[in-house]
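Examination of the molecular architecture
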Amino acid sequence: LWVALPSVVIEGTSVTDAMSRSAQLTEGYRWQIFGIAMLSGGLMIVAGVLLGVLMAKGSIGVETVLYLSVGLQIVISVLSAVFAGATYYELRRVKEGLELDDLAAAFD
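Our subject in this report is the structure included herewith. All figures in this text were calculated on a predicted structure; none of them were measured in a lab.

In this section: the overall build of the chain. The number of helices and strands found in the chain is five helices and zero strands. Traced from its N-terminal end to its C-terminal end, the chain shows the element sequence α-α-α-α-α. Against the 2.2 N^0.38 benchmark of 13 Å for 108 residues, the chain shows a C-alpha radius of gyration of 18 Å, more extended than a compact globule. Reported as C-alpha extents along the three principal axes, the dimensions of the chain are approximately 55 × 30 × 25 Å. Per-residue burial for the chain yields a buried fraction of 22% across its 108 residues.

Quick look at the structure:
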């Protein structure tokens, strides 16, 4: 389901069609995509542990941890969305010969 959302946005597919399209596009590349998903999830875990350690040592307060945690979640969520969009483009380029101009035309 990694590229289902870009499929809805760019191709205008329904939710169920987007899931099928994502399965079609990701076939043969699922382990690589799993690695990308683990990277973004791992970043969040490492950041959370680091903030917890800093809070436990008394270096930063609870309120600061909350603000930093929300900020990190925003940044990592944006990175995950960028990863999904870039993955969608690369899969379409490799499997269907899509050019960047063709993709950009979807937003005209």
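Turning next to a nonpolar patch on the surface. Residues Leu-39, Leu-43, Val-75 and Leu-79 make up a contiguous nonpolar surface patch of roughly 330 Å² in combined accessible area. Residue assignment for the nonpolar patch shows that the elements contributing at least two residues are α3 (30-56) and α4 (62-96). Mapped onto the secondary structure, Leu-39 falls in helix α3. Overall, the relative accessible area of 48% leaves Leu-39 in the partly exposed class.

Our focus in this paragraph is the packing of α3 against α4. Where α3 contacts α4, the two axes come as close as 10 Å, and the packing angle between them is 170 degrees. Regarding the angle of α3 to α4, the classification is roughly antiparallel. Packed against α3, whose contacting residues are Ile-33, Ile-36, Ser-40, Leu-43, Met-44, Ala-47, Leu-51 and Met-55, the element α4 presents Val-62, Val-65, Leu-68, Ser-69, Leu-72, Gln-73, Ile-76, Ser-80, Phe-83, Thr-87 and Leu-91 at the interface. Each residue belonging to the contact of α3 with α4 can be placed in one class, and the counts come to 14 nonpolar, five polar and no charged.

Calculation notes
- Residues numbered from 1 in each chain as written.
- Predicted model: local features only at pLDDT ≥ 70, side-chain atom pairs only at ≥ 80, totals over all residues.
- Heavy atoms only, no water.
- Helix = DSSP H or I, 4+ residues; strand = E, 2+ residues; numbered from the N terminus.
- Rg over C-alpha atoms; globule rule 2.2 N^0.38 Å.
- Buried < 20%, exposed > 50% of the residue type's maximum accessible area, 1.4 Å probe, protein only.
- Patch = residues over 30% accessible without salt bridge, like charges linked within 9 Å, V, L, I, M, F, W, Y side chains within 5 Å.
- Areas by Shrake-Rupley, 256 points an atom, 1.4 Å probe, with all protein chains shown as cover.
- Salt bridge = Lys/Arg side-chain N within 4 Å of Asp/Glu carboxyl O.
- Axes fitted to C-alpha atoms, helices over the stretch in contact; angles between N-to-C directions.
- Parallel < 35°, antiparallel > 145°, perpendicular 65-115°, else oblique.
- Contact = heavy atoms within 4.5 Å.
- Nonpolar A, V, L, I, M, F, W, Y, C, P; charged D, E, K, R; others polar.

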